[in-house]
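Residue strings, one per chain:
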Amino acid sequence: MTEAKTYTGGCHCGKVRYEVKTGIQDVVSCNCTICMKTGSFLAFVPAAAVEVLSGGDIVNDYQFGKKHIHHLFCPTCGVRSFARGSMPDGTEMYAINVRTLDDVDLGAFKVKEFDGKSL
């Protein structure tokens, strides 16, 4: 496992900012309809590892399908920095869109494909 590091990130306009402490080894590329259309690369982390620094009170929530995940996005620029939901065991988690982290080399991560389209 990669050593935990503190990352900051946020949306394009800067209204939504967050900090996450995690060791990112892999990113998930999901082929479900929303991930395909938004181009998200995801890292799943426990909710306790994430601190929303600003904009948590303004994000819009979009849900679809079984409505298990809250796809949150900035109402000004539309960027999806993260989503919230629960892991299969019920643990609260965030799905961080690694593309919204500051100063991160996406090429440094192994990409795992996930067939969300079949769910």
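See the structure printed just above.
Here goes a summary of the coordinates provided.

Reading guide: rules and limits
Residues numbered from 1 in each chain as written. Predicted model: local features only at pLDDT ≥ 70, side-chain atom pairs only at ≥ 80, totals over all residues. Heavy atoms only, no water. Phe/Tyr/Trp six-rings, centres within 6.5 Å; stacked < 30°, edge-to-face > 60°. Buried < 20%, exposed > 50% of the residue type's maximum accessible area, 1.4 Å probe, protein only. Helix = DSSP H or I, 4+ residues; strand = E, 2+ residues; numbered from the N terminus.

What to know about the packing of aromatic side chains
One pair of aromatic rings is described through two measures. These are the centre distance and the angle between the planes.
Argument step 1. What the rule picks out here adds up to three aromatic pairs.
Argument step 2. With a centroid separation of 5.9 Å and 20 degrees between ring planes, the pair formed by tyrosine 62 and phenylalanine 64 is classed as stacked.
Argument step 3. By relative accessible area, phenylalanine 64 is classed as partly exposed at 29%.
Argument step 4. Centre to centre, the rings of phenylalanine 82 and tyrosine 94 are 5.4 Å apart; their planes meet at 65 degrees, and the pair counts as edge-to-face. With a gap of 12 residues between them, phenylalanine 82 in strand β8 (residues 82–86) and tyrosine 94 in strand β9 (residues 92–97) connect regions that are remote in the sequence.
Argument step 5. What makes phenylalanine 82 buried here is its relative accessible area of 5%.
Argument step 6. An aromatic cluster of at least three residues, connected via ring pairs, comprises Tyr18, Phe82 and Tyr94.

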